[in-house]
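Chains, contacts and geometry: an overview
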Amino acid sequence: MKIFNSIDQFRLERAQVTAARVGFVPTMGALHKGHAALIERSVKECDFTVVSVYVNAAQFDNADDLSRYPETLEQDAELVGALGVDIILAPTYEQMYPDDFRYRVVETDLSGELCGKHRDGHFTGVLTVVLKLLNIVRPDRAYFGEKDFQQYRLIEGMARAFFLDTEIVPCETVREHDGLALSSRNLNLDSNARALAPLIYEAITSSASDEVVTERLARAGFDVDYVMRKFGRRFVAARIGKGRRQVRLIDNVPVPVDSKTLNGEKT
């Protein structure tokens with residue numbers, strides 16, 4: 001496995017790759033079993049796999065959140081290497097944004113809902129960095145987790161809108177034994193918050209209405225951004241903890257489109 005910090009050097013190496021199918025898994029590091037599942041699928045389905053490790057400052061709406069985001073490149077490289085990845089791309093901000101983020105990808109519909117409604121500019125940062133990475137890596141397939149389902153839909157839509165050759169592949173959410181969706185941000189949960197966090201999955205998989213789920217989470221100590229249904233799924237975003245220790249968690253699960261309970265007829 002090779003690690004590149006230089007985009008120019010990576011592109012020289014990429015030009016030598018003659019594999020029939022190249023897979024790509026973009027990450028922000030602090031890798032866990034959820035990332036591993038994406039990587040394993042790429043290694044299985046593709047002849048050559050690239051993983052990027054880049055904490056994208058452009059998608060953070062909160063400076064404290066950015067400063068607390070875990071950076072564990074050495075451990076990440078060990079995990080990735082053991083899974084059979086061929087290249088890690090780990091560029092700097094200056095490498096990724098020589099324009100200092102003057103040029104941006106802006107989506108004008110879905111990006112304003114759900115997380116986009118509560119995180120100003122977040123998806124502009126996400127779409128911009130993903131388009132850059134797809135242009136750099138030029139993969140046949142790129143793998144994204146369904147925990148960030150809104151992100152997946154936006155990226156899939158961007159790929160179609162800009163006639164990209166990359167197939168955007170969704171992968172099922174990986175969970176802890178208690179239902180908590182795996183996330184790098186889980187590392188920031190203190191013991192009390194970690195004990196409460198599984199209530200999110202328990203609540204959104206219940207037969208209660210969105211309004212009742214919101215009330216239950218609020219009573220448990222969460223600051224709830226939203227609980228709502230879209231795309232045949234129920235979405236949630238909620239914060240747990242106090243002050244700078246607060247962690248924002250998101251999740252979503254499929255729901256029956258014709259479910260009476262989720263239309264609020266039964267609570």
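Residues numbered from 1 in each chain as written. Predicted model: local features only at pLDDT ≥ 70, side-chain atom pairs only at ≥ 80, totals over all residues. Heavy atoms only, no water.

Some remarks on the sheet that holds strand β8 (residues 233-240)
Read across the sheet, three strands follow the order β7-β8-β9 without closing on themselves; strand pairing throughout is antiparallel. Of all the strands in the sheet, just β7 (223-230) and β9 (247-254) have a single pairing partner and so form its edges. Sheet twist, expressed as the mean angle between neighbouring strand axes with direction ignored, is 10 degrees. As paired strands, β7 and β8 are joined by seven bridges and run antiparallel to one another. Following the sheet pairing, aspartate 223 is matched in β8 by arginine 239. On top of the sheet, helix α11 (residues 210-220) reaches β7 and β8; it is set at about 160 degrees to β7, its chief contact. (Pairing = 2+ DSSP bridges. Helix = DSSP H or I, 4+ residues; strand = E, 2+ residues; numbered from the N terminus. Axes fitted to C-alpha atoms, helices over the stretch in contact; angles between N-to-C directions. Contact = heavy atoms within 4.5 Å.)

Here we look at the environment of alanine 20
Mapped onto the secondary structure, alanine 20 falls in the loop between α1 (7-14) and β2 (22-27). When near neighbours in sequence (up to four residues on either side) are disregarded, alanine 20 contacts Asp47 and Asp140.

A word on the confidence of the model for the chain
Considering every residue of the chain, the mean pLDDT works out to 94; 96% of them sit at 70 or more. In the predicted structure, residues 259-267 sits below a pLDDT of 50 and forms 21 contacts with residues beyond four places in sequence or in another chain. (pLDDT = per-residue confidence, 0-100.)

What to know about the nonpolar core
Judged by nonpolar contacts, the single largest core of 42 residues is most densely connected at Phe10, Met96, Val130 and Ile168. Elements that contribute at least two residues to this core include exactly α1, β2, β3 (48-53), β4 (87-89), α7 (122-137), β5 (141-145), α8 (149-161) and β8. Residues Ala208, Val213, Phe222 and Val247 belong to the second largest nonpolar core, which totals 20 residues. (Core = buried A, V, L, I, M, F, W, Y, C linked by side-chain atoms within 4.5 Å. Buried < 20%, exposed > 50% of the residue type's maximum accessible area, 1.4 Å probe, protein only.)

Focus: the packing of α7 against α8
The relative placement of two packed helices comes down to the angle between their axes together with the axis-to-axis distance. Their axes nearest at 10 Å, the elements α7 and α8 cross at an angle of 50 degrees. With respect to each other, α7 and α8 are oriented oblique. Remark: the crossing between α7 and α8 carries right-handed chirality. Across from Phe123, Val126, Leu127, Val130 and Leu131 in α7, the residues of α8 making contact are Gln150, Gln151, Leu154, Ile155 and Met158. (Parallel < 35°, antiparallel > 145°, perpendicular 65-115°, else oblique. Left-handed = near helix turned anticlockwise from the far one by under 90°.)

Points about the pattern of salt bridges
Counted by the stated rule, this structure contains 18 salt bridges. In this structure, glutamate 156 and arginine 160 form a salt bridge, with 2.8 Å as the shortest nitrogen-oxygen distance. Separated by four residues within a single helix, glutamate 156 and arginine 160 lie in helix α8, roughly one turn from each other. Residue arginine 160 is classed as exposed on the basis of its relative accessible area, which comes to 54%. The network of salt bridges with shared partners includes Arg41, Glu45, Arg141 and Glu167. (Salt bridge = Lys/Arg side-chain N within 4 Å of Asp/Glu carboxyl O.)

What to know about the state of the cysteines
Evaluated as defined, the whole model comprises zero disulfides. Looking at the unpaired cysteine 46, the closest cysteine sulfur is the one in cysteine 171, lying at 10 Å. (Disulfide = S-S within 2.5 Å.)

Quick notes on the sheet that holds β2
Taken together, six strands build an open sheet; the order of strands is β1-β4-β3-β2-β5-β6 and the sheet is parallel. Strands at the two margins of the open sheet, each flanked by one partner only, are β1 (2-4) and β6 (167-171). Each strand axis lies, on average, 25 degrees off the axis of its neighbour in the sheet, ignoring direction. Sheet analysis places β5 next to β6, joined by five bridges and oriented parallel. For phenylalanine 144, the partnering residue across the bridge sits in β6 and is proline 170. This element, α1, spans β1, β2, β3 and β4 of the sheet and lies at about 140 degrees to β1. On top of the sheet, α7 reaches β2, β3, β4, β5 and β6; it is set at about 150 degrees to β2, its chief contact.

Regarding α1
Among all positions of α1, only Ile7, Phe10 and Arg14 are buried. One face of α1 carries all of its buried residues, which in axial projection span an arc of 60 degrees. Facing away from the buried side of α1 by more than 90 degrees, the exposed set consists of Asp8 and Leu12. Of the surrounding secondary structure, the elements contacted by the buried residues of α1 are β1, β2, β3, β4, α5 (93-96) and α7. Sitting at the head of α1, serine 6 places a side-chain oxygen 3.4 Å from the backbone nitrogen of aspartate 8. (Arc of directions from axis to C-beta. Polar contact = N/O pair within 3.5 Å; in protein donor to acceptor, adjacent residues only side chain to side chain.)

Observations concerning α11
Those residues of α11 that sit buried are Asp210, Val212, Val213 and Leu217. Angularly, the buried residues of α11 cover 160 degrees about the axis, an arc narrow enough to put them on a single face. Residues Glu211 and Arg219 are exposed on α11 and point more than 90 degrees away from its buried face. Residues of α11 that are buried sit in contact with α10 (199-204), β7 and β8. In the stretch just after α11, glycine 221 is the one whose phi turns positive, near 110 degrees.

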